[in-house]
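# Fold and contact review
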Amino acid sequence: MASSGLTILTLFLCCAAIDVASGLEVKIEPNVMEIKNYVGDDLILSCHVKKSKEEQDKFSLSWQVPFDKNVRVNISDILGTLILSVQDLHETDRGNYTCTLMSEHDPPLRTSVNVVVLPRGRVGYCSHDSFRCLNGECISSRYKCDGHADCTDASDELQADQC
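Residues numbered from 1 in each chain as written. Predicted model: local features only at pLDDT ≥ 70, side-chain atom pairs only at ≥ 80, totals over all residues. Heavy atoms only, no water.

Now for the overall build of the protein chain. For the protein chain, the count of helices and strands is 0 helices and 12 strands. Along the chain direction, N to C, the helices and strands of the protein chain fall in the order β-β-β-β-β-β-β-β-β-β-β-β. Residues classed as buried in the protein chain amount to 40% of the 163 residues present. A fraction of 48% describes how many contacts in the protein chain between residues 6 or more apart in sequence connect residues 24 or more apart. Carbon together with sulfur atoms contributes 53% to the accessible area of the protein chain, which is approximately 9,700 Å² in total. (Helix = DSSP H or I, 4+ residues; strand = E, 2+ residues; numbered from the N terminus. Buried < 20%, exposed > 50% of the residue type's maximum accessible area, 1.4 Å probe, protein only. Contact = heavy atoms within 4.5 Å. Areas by Shrake-Rupley, 256 points an atom, 1.4 Å probe, with all protein chains shown as cover.)

Inspection of every chain in the model, using the stated rule, returns 1 aromatic pair. Centre to centre, the rings of Phe67 and Tyr97 are 6.3 Å apart; their planes meet at 65°, and the pair counts as edge-to-face. Of this pair, Phe67 sits in the loop between β6 (59-64) and β7 (73-78) while Tyr97 sits in strand β9 (residues 95-103), and the two are 30 residues apart along the sequence. (Phe/Tyr/Trp six-rings, centres within 6.5 Å; stacked < 30°, edge-to-face > 60°.)

To continue, consider the environment of Ser127. Following the sequence through the fold, Ser127 ends up in the loop between β10 (109-121) and β11 (130-132). Distance from Ser127 to Gly40, taken between C-alpha atoms, is 9.9 Å for residues 87 residues apart in sequence.

Another point: the environment of Gly147. On the secondary structure map, Gly147 appears in the segment after β12 (138-140). Residues Gly147 and Leu158 lie 11 residues apart in sequence; the distance between their C-alpha atoms is 9.9 Å.

With that settled, the discussion passes to the confidence of the model for the protein chain. Here the protein chain shows a mean pLDDT of 78. Residues at 70 or above account for 75%. Under a pLDDT of 50 for its full length, residues 1-13 has, in the predicted model, 17 contacts with residues more than four places off or in other chains. (pLDDT = per-residue confidence, 0-100.)

Tallied over the full model, the rule gives 2 disulfides. Across the disulfide, Cys47 is cross-linked to Cys99 (sulfur-sulfur distance 1.9 Å). Residues Cys47 and Cys99 are joined by a disulfide whose S-S torsion is about -85°; by sign, that bridge is left-handed. With Cys47 in strand β5 (residues 43-51) and Cys99 in strand β9, this residue pair connects regions lying 52 residues apart in the sequence. According to the relative accessible area criterion, Cys47 is buried, its value standing at 0%. (Disulfide = S-S within 2.5 Å.)

Moving on, we get to the pattern of salt bridges. Scanning the entire structure with this criterion turns up 2 salt bridges. Among the ionic pairs, Glu91 bridges to Arg142, the shortest N-O distance being 3.0 Å. Here the residue Glu91 occupies a position in the loop between β8 (81-86) and β9, and Arg142 occupies one in the segment after β12, the gap between them amounting to 51 residues. What makes Arg142 exposed here is its relative accessible area of 54%. (Salt bridge = Lys/Arg side-chain N within 4 Å of Asp/Glu carboxyl O.)

Structural data, given as structure tokens:
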């Protein structure tokens, strides 16, 4: 018995998803599986579509972030590339950032990058619930005196002063 069903093959390569049947590819830049930033840094990601010459379908891109969008998040479309920027990262901004391609005739294509937000930050970004290392770095207070040097100068584990 012959099958008349259409087989859809989607490949996921690092930070890209390819629908072989349609010739569409959605890609995130930087092209890595995980990004590590510090509290207070800015995050900038871009998502764009590569399509085969035969592909004429209309499509749209969207970003899904692991937290409620707020004033620190900006999404802009620059010549078909969807740019996501998050200002002043917080630890709660960590997680999967997913770019979705919606096409007229094909199922959605999704690709994502995991963003890790490290608790240490730059001088000037220490919050009230942070510990300032002797070298000026900031770490979450919960890492102070935990038996592991989280400050690059190990000042969060100095027994005489802190613990």
